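The chain contents come next:
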Amino acid sequence: MQVAIHLGVHCTDDDSLLKTLLQNRGILANEGISVPGPSRYRKSVLREAQKLRGIPADTDFRDLLVNSIIDDDNAQRMVMSYENFLCVSARIFENGLLYDQASARPKCLRGLFPGYPVEFFLAIRNPATFIPAAFKQKSQLVTDFAKFLDGVDPEKICWSDVILAIRKSNPDCNITVWCNEDTPLIWPAVIQEISGIGAFGVMEGGNNILAQIMKNEGLDRMQTYLANHPPRNEDQRRRVLLAFLDKYAIADAVEEELDVPGWTDELVQSLTENYEADLHVIENINGVKLIAP
């Protein structure tokens, strides 16, 4: 049994990945891929992982847990998704670090499935937009922006630190990463990677994310164009998407107003440049695959 765990992160998904996978549940089941509903595992998996605290479960417990999550005895791969697997949004910057639990939590999750190959998946996001969005999403218990950051310097945030922490505590687990900003262009690739259906799998919902930022007229015209002019490869398909996005993008959906007290244009530019440099670090981490457009 292969286990694919989508770790989020916060403010990158809004359960879009899970919704698209569930949209294709029948297709995936025929390929031996199980996508259980979130109520089957989110609370129970976190509860059991916290009980074990990283100590590997025995195989009997593992089998009982898997049987409580999925009903298909023929399943060869199980996919789970939850943005709170790492922590709740109010604790993103706890102890002065970005996702301080990035080492412990994935190890606890991995420990639930001894003997099974486990893979982790997560999207990352430019800190310039991630931090304000995460602050809006946090619990009502944290109402002060500085307290939310807990001493973290935004200019020192590196997603590579988070990914390295996951990798070091789980050296036998491969990690797949993508940028939230690229999601509309690479959505089919993301779905194929986490489902394991392969590049030739035919699935629905490949334009689910694109539909959120493109006018209906443009989406219809793009689909007609692609039907009449099938792209020869993925790069060509993405170029077509970019061309139609350039003309039919919904302005409010692709532009973000950053209203953070004390933040300057220079700081936002610095955060963006640091983020782009960090991507080069991430793509060179052993055992990590970066899906890029």
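Residues numbered from 1 in each chain as written. Predicted model: local features only at pLDDT ≥ 70, side-chain atom pairs only at ≥ 80, totals over all residues. Heavy atoms only, no water.

**Student:** How should the packing of helix 8 (residues 159-169) against helix 13 (residues 265-282) be read in this particular structure?
**Tutor:** Relative orientation and spacing of two packed helices are given, respectively, by the angle between their axes and the distance between those axes. Contact geometry for helix 8 and helix 13: axes closest at 8 Å, N-to-C directions at 25 degrees. The orientation of helix 8 relative to helix 13 falls into the category roughly parallel. Touching W159, S160 and I163 of helix 8 are Y275, D278, V281 and I282, all from helix 13. Within the contact of helix 8 with helix 13, the residues separate by chemical class into 5 nonpolar, 1 polar and 1 charged. (Axes fitted to C-alpha atoms, helices over the stretch in contact; angles between N-to-C directions. Helix = DSSP H or I, 4+ residues; strand = E, 2+ residues; numbered from the N terminus. Parallel < 35°, antiparallel > 145°, perpendicular 65-115°, else oblique. Contact = heavy atoms within 4.5 Å. Nonpolar A, V, L, I, M, F, W, Y, C, P; charged D, E, K, R; others polar.)

**Student:** Help me understand the nonpolar core, please; the structure alone is not making it clear to me.
**Tutor:** As a rule of thumb, soluble globular proteins bury nonpolar side chains together. Grouped together as the largest cluster of nonpolar side chains are 96 residues, with contacts concentrated most on M80, F85, F93, Y99, F113, F130 and W159. Per-element accounting of this core gives the leading share, 7 residues, to helix 9 (residues 183-195). Other than its neighbours up to four places away in sequence, F93 contacts L98, F130, I131, F148, L149, D150, V152 and I157. (Core = buried A, V, L, I, M, F, W, Y, C linked by side-chain atoms within 4.5 Å. Buried < 20%, exposed > 50% of the residue type's maximum accessible area, 1.4 Å probe, protein only.)

**Student:** Any chance you could explain the sheet that holds strand 4 (residues 118-124) here in plain terms?
**Tutor:** Strand pairing in a sheet is mediated by backbone hydrogen bonds. Such pairs are either parallel or antiparallel. Strand order in the open sheet formed by 6 strands is 2-3-1-4-5-6, and the pairing between neighbours is parallel. The strands lining the two open edges of the sheet, one partner per strand, are strand 2 (33-34) and strand 6 (288-291). In this structure, strand 4 lies alongside strand 5 (residues 175-179), joined through 5 bridges in parallel fashion. Paired with A123 across the strands is W178, a residue of strand 5. Strand contacts of helix 13: strand 4, strand 5 and strand 6, with the helix running at about 165 degrees to strand 4, the strand carrying the most contacts. (Pairing = 2+ DSSP bridges.)

**Student:** Before we go on, may I ask you to explain the state of the cysteines in this structure?
**Tutor:** In a disulfide, the sulfur atoms of two cysteines are held together by a covalent bond. Tallied over the full model, the rule gives 0 disulfides. No disulfide involves C11; its sulfur sits 11 Å from the nearest other cysteine sulfur, which is in C87. Judged by relative accessible area, C11 falls into the buried class, the value being 14%. By relative accessible area, C87 is classed as buried at 3%. (Disulfide = S-S within 2.5 Å.)

**Student:** Could you clarify how one ought to interpret helix 8 in this entry?
**Tutor:** Since the α-helix packs 3.6 residues into each turn, any two residues three or four apart lie on the same face. Looking only at helix 8, the buried set comprises W159, S160, V162, I163, I166, R167 and S169. On its buried face, helix 8 is in contact with helix 5 (104-111), strand 4, helix 6 (127-137), strand 5, helix 13 and strand 6.

**Student:** Would you explain the side chain of R110 in this entry?
**Tutor:** Take R110: it is sitting in helix 5. By relative accessible area, which is 13% here, R110 ends up buried. One polar contact links the side chain of R110 to the main-chain carbonyl oxygen of F113, over a distance of 2.8 Å. A polar contact is formed between the side chain of R110 and the side chain of D172, at a distance of 3.0 Å. (Polar contact = N/O pair within 3.5 Å; in protein donor to acceptor, adjacent residues only side chain to side chain.)

**Student:** Any chance you could explain the environment of T272 here in plain terms?
**Tutor:** Note on placement: T272 falls in helix 13. Between the alpha carbons of T272 and P127 there is a distance of 7.3 Å; along the sequence they are 145 residues apart. Those residues in contact with T272 that sit more than four places away from it in its chain are N126 and A128. For T272, the side chain forms a polar contact with the main-chain oxygen of V268, separated by 2.9 Å.

**Student:** Looking at this model, I keep getting lost on the packing of aromatic side chains. Mind explaining?
**Tutor:** For the coordinates displayed, the defined rule picks out 9 aromatic pairs. The interplanar angle of 90 degrees and the centroid separation of 5.2 Å between the aromatic rings of F135 and F145 together place this pair among those described as edge-to-face. Residue F135 is found in helix 6, and its partner F145 is found in helix 7 (residues 145-149); the two are separated by 10 residues along the sequence. Residue class for F135 comes out buried when judged on its relative accessible area of 18%. Their ring planes at 55 degrees and their centres at 5.5 Å tell us that F135 and F148 sit as a pair that is tilted. Remark: F148 occurs in helix 7 and F135 occurs in helix 6; sequence separation between them is 13 residues. Across this residue pair, the class does not change: F135 and F148 are buried. (Phe/Tyr/Trp six-rings, centres within 6.5 Å; stacked < 30°, edge-to-face > 60°.)

**Student:** Explanation requested: the pattern of salt bridges in the structure shown.
**Tutor:** In a structure, side chains of opposite charge can pair up when their charged atoms sit close to one another. Here the structure, examined in full by the defined rule, presents 10 salt bridges. Among the ionic pairs, D15 bridges to R42, the shortest N-O distance being 2.8 Å. You can see D15 sitting in the loop between strand 1 (2-6) and helix 1 (16-23) and its partner R42 sitting in helix 3 (residues 42-52), a full 27 residues away along the chain. Using a relative accessible area of 13% as the deciding quantity, one classes R42 as buried. One salt bridge connects E48 with R47, and the closest N-O pair in it is separated by 3.5 Å. The exposure class assigned to R47 is partly exposed, which follows from its relative accessible area of 42%. (Salt bridge = Lys/Arg side-chain N within 4 Å of Asp/Glu carboxyl O.)

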